[in-house]
Amino acid sequence: MSPEEEFGSCLENAESWMRMIQERLEATDNVQGPKAALENRLRETEVILAEEPEGHLRLDRVLLKAESLLRDKNDDEKHEIHAAVKHIKTLWEDTQINMVHCHSRIEWILLHWSEYLKAREDYFLWLMTMKQRLEPDLELQLGLKEKKLQLSHHTILLSNILNQAALLERLIQESGSLFAKTEDETVNEAAQQILKADHEALEIKAKEKVKILEAIVQEHQEYADMQEEFQNWLHCMKEKINKCNTCTDKKNPMERSFRELKELSDEVSRKKGELDNLQVQATTVILSTSPLGAEHITKDLETLRANWNNLKLSCQQDQVPLEIGFHSVLESKSRAEQLEREVAELADWLQSLDLQPPDDDTMETAWCKCLLTRSSILAEEPRMEELQLKLKEFCRSSQNEEELSNKVLSVIREYKRVKGQIVKRCSQLGARLRCDFQEFLREFQQWRNSTINLLHLPLDTEDGALTRTYLQNIEDHLGHSNQLKIRLDRFQGLEGMLGSVYSEEQTAMFVSELREAVQQRIFLTDGLLQRRRELQTLPDLNFSSIFSEGNWMNGGDPSACKLLLKKFEEWLKTEDRKLMSILAAKHPRSSRERKNRKQGLKVLQSRVPQGQKIFEELFSAEFPGANEEEKQLEDLRYRWMLYKSKLKEAQELSQTSGGICHYLSRACCAALPLQLLLLLLLLLTFLLPLIEEQDSCSVVNNFARSFYLTLRYQGPPPT
């Protein structure tokens, strides 16, 4: 065989062997599958690695053959030989690398798997141990100390379980990493969830036991605190009761001892609820305590209840004698306080009485206030007698109450002083009322006589000046009538109170004279109104004549113009006086007065257009001696405009206030009789005790036969 053939044969044998090794590596280089399969693959890689010297030997043979062949070859042939040697070297290097890589990869995965299995085995061992510790039911303990130790033990177990959560997390991560590389079912996600579920179940069980033990310990601790608190309270109450029985208060020893003992007794009674709650709490604690511990709890609770019953009985026995003496003192003190309150109320009430009304009050208002005050003072007479009886009784049963006695006597003296002062003032005001009424009757009689004389005067239709004077006198009498009506209304408001100071005969005489004056004023006022309407028709006729002259003045006669100017000026004065007379009664009260006011304004307004026409004709006329007439016209123009303005304002005011005034007037008229009746009943109620008051009756009788002046008229009607 030639050297070339030997080189080619060695080269072919080496390359085929290397290809065979790589095929075996490709078949072995796989980390997926169970652990046993990986172990078989690892052994296969170890066999392949053991054949590495064979590969070196085959490569060396190729290199030796190539070296001997290169000596006799040309450059082109050498190049081919070098290329073949380089190719086989590269192939061998790749084969070596694959052999080492495949073996290392499988070996590392198996090492990782072994460490994971060891860690999982340790975890399972710990898990079984913890399950064995947590499996038994909780044992009942003797007392609070043992329960706390039991809680501490289970708290440590729970802490250990919580600390193992980190190890479990690492195991799950390693399991996931192995599954990602090997895809073995023993380390898949389901196996991981089983690990996690077992740990969570163990943790839940440990937490439940710790929670139960915490509730048991807390419940027993609360019961122990309540028991200790109740025991301390019993000890403190015994000391307080002993101290109360040896009270050294010099001022009110019995009162203080009784009050303190009563408060202590009430506090002891209130504690029964707390003791019952302690009994309920003990029943619950016994359920979680061993039989021997439950027996200790029951005995301690019975001891507490016995001590509480003894304390309660002691309070009740010590309280009986003190209560008897204290109630006697308390009753006496209560009577003294009640008497002192009544004295203080009477003193305040006497000081609040308005004995001197303000000077700006009318005489009627002052008299009404005085009568009300007098009635209220006389109504307190029985109370003052009762107060004197209470003082006598109190002085017999109590000593050292000089201050209270002085207060009672002082208020009785003050009452008598105020009573005398108000009775005296009522007498003075009654006398003033009598004088005012007599003065009013004289004034009314003068107005009545003057009005009758005025109504008997004949009507003079020819003398315009006399007519205007007559009309002005009627307006004056009507204004005086309104003033008299106001005073009559004021006296009528006093009718219901006259019976409290005057006899029935005097009161009936007063009312009779007052009503007669009211009727005569209405009768004479109607006559004045009728006469005023008759007189107003006369100026109306004069106005018509003036208007006729104005039509006649169209001829332009200067003397006629001057005459018309003079008559128009007189007519304007007359109209202005009528308007001022209507406006003088600013607030008409009755519907009749309001109707007359509107009618008068309507009549005056009806003549304004004709007067305006005459004024315009006068203003357009030509007068000789223009300076004097022009000044007179300017003055007349100003007065004419002022008159129309006042008339317009009066009409607007009458229209806006008429409805409201009419409604208010009707409401007041409807309510006044009821108010007077209620006031009369109230005064009669207050003045019932005065029936037997001889001094007051004698004072009232000083006004006997004081209202004898009457209004009488004999003759034909004044119209």
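In case you missed it, the structure is sitting above this.
Residues numbered from 1 in each chain as written. Predicted model: local features only at pLDDT ≥ 70, side-chain atom pairs only at ≥ 80, totals over all residues. Heavy atoms only, no water.

**Q** Explain empty space enclosed by the protein to me, and be specific about the residues and the numbers.
**A** Which parts of space are left empty comes out when a probe the size of a water molecule is rolled across the atoms. All chains considered together, the criterion is met by three cavities of 30 Å³ or more. Approximately 60 Å³ is the volume attributed to the second largest cavity. As for the second largest cavity, its lining consists of Arg-468, Leu-471, Gln-472, Glu-475, Thr-574, Arg-577, Lys-578 and Ser-581. Going through the elements one at a time, helix H12 (464-492) and helix H15 (558-584) are the ones with two or more residues in the lining of the second largest cavity. Classifying every residue of the lining of the second largest cavity by side-chain character gives one nonpolar, three polar and four charged. (1 Å grid on protein atoms, 1.4 Å probe; cavity = no way out; pocket = protein on both sides within 12 Å on 5 of 7 lines; lining within 4 Å. Points joined across faces, edges and corners; volume = space filled by probe spheres on them. Helix = DSSP H or I, 4+ residues; strand = E, 2+ residues; numbered from the N terminus. Nonpolar A, V, L, I, M, F, W, Y, C, P; charged D, E, K, R; others polar.)

**Q** Can you tell me about the pattern of salt bridges, naming the residues and giving the values?
**A** Applying the stated criterion to the full structure yields 20 salt bridges. As a salt-bridge pair, Arg-19 and Glu-15 come within 3.5 Å of each other at their nearest N and O atoms. Pair noted here: Arg-19 and Glu-15 are both in helix H1 (residues 3-28), with a separation of four residues, about one helical turn. On the basis of relative accessible area, Arg-19 is assigned to the partly exposed category, the value being 37%. Salt bridges sharing partners connect three or more residues here, namely Arg-24, Glu-44 and Glu-51. (Salt bridge = Lys/Arg side-chain N within 4 Å of Asp/Glu carboxyl O. Buried < 20%, exposed > 50% of the residue type's maximum accessible area, 1.4 Å probe, protein only.)

**Q** Hey, could you go over the nonpolar core for me, with residue numbers and the actual values?
**A** Phe-7 and Ile-88 are the most contacted members of the largest nonpolar core, which totals 51 residues. Contributions of two or more residues to this core are made by H1, helix H2 (35-50), helix H3 (52-69), helix H4 (75-134), helix H5 (144-182) and helix H6 (189-245). Top contributing element to this core by residue count: H4, with 18 residues. With near-sequence residues (within four places) excluded, Ile-88 lies in contact with Leu-11, Ala-14, Glu-15, Met-18, Leu-59 and Val-62. If you look at the next biggest cluster of nonpolar residues, it comprises 27 residues, including Tyr-470, Leu-484, Phe-510 and Leu-514. (Core = buried A, V, L, I, M, F, W, Y, C linked by side-chain atoms within 4.5 Å. Contact = heavy atoms within 4.5 Å.)

**Q** I'd like a description of the side chain of Ser-288, backed by residues and values.
**A** Among the structural elements, Ser-288 can be located in the loop between helix H7 (253-287) and helix H8 (291-352). Given the relative accessible area of 11%, Ser-288 is considered buried. When sequence neighbours within four positions are dropped, the list of residues in contact with Ser-288 reads Leu-140, Gln-141, Lys-147, Ile-216 and Glu-219.

**Q** Describe a negative patch on the surface, listing the residues and the values that go with them.
**A** Together, Glu-222, Asp-225, Glu-228 and Glu-229 make up a negatively charged patch on the protein surface. Residue position: Glu-229 is located in helix H6. For Glu-229, a relative accessible area of 49% translates into the label partly exposed. (Patch = residues over 30% accessible without salt bridge, like charges linked within 9 Å, V, L, I, M, F, W, Y side chains within 5 Å. Areas by Shrake-Rupley, 256 points an atom, 1.4 Å probe, with all protein chains shown as cover. Lys, Arg positive; Asp, Glu negative; His and termini not counted. Charge placed at Lys NZ, Arg CZ, Asp CG, Glu CD.)

**Q** Go over the packing of aromatic side chains with me, naming the residues and quoting the values.
**A** Each aromatic ring pair is described using two quantities: the centre-to-centre distance and the angle formed by the ring planes. Under the definition given, this model contains 11 aromatic pairs. Between Phe-230 and Trp-233, the aromatic rings sit 5.4 Å apart at their centres with planes inclined by 45°, giving tilted as the arrangement. Pair noted here: Phe-230 and Trp-233 are both in helix H6, with a separation of three residues, about one helical turn. With respect to burial, Phe-230 and Trp-233 carry one shared label: buried. (Phe/Tyr/Trp six-rings, centres within 6.5 Å; stacked < 30°, edge-to-face > 60°.)

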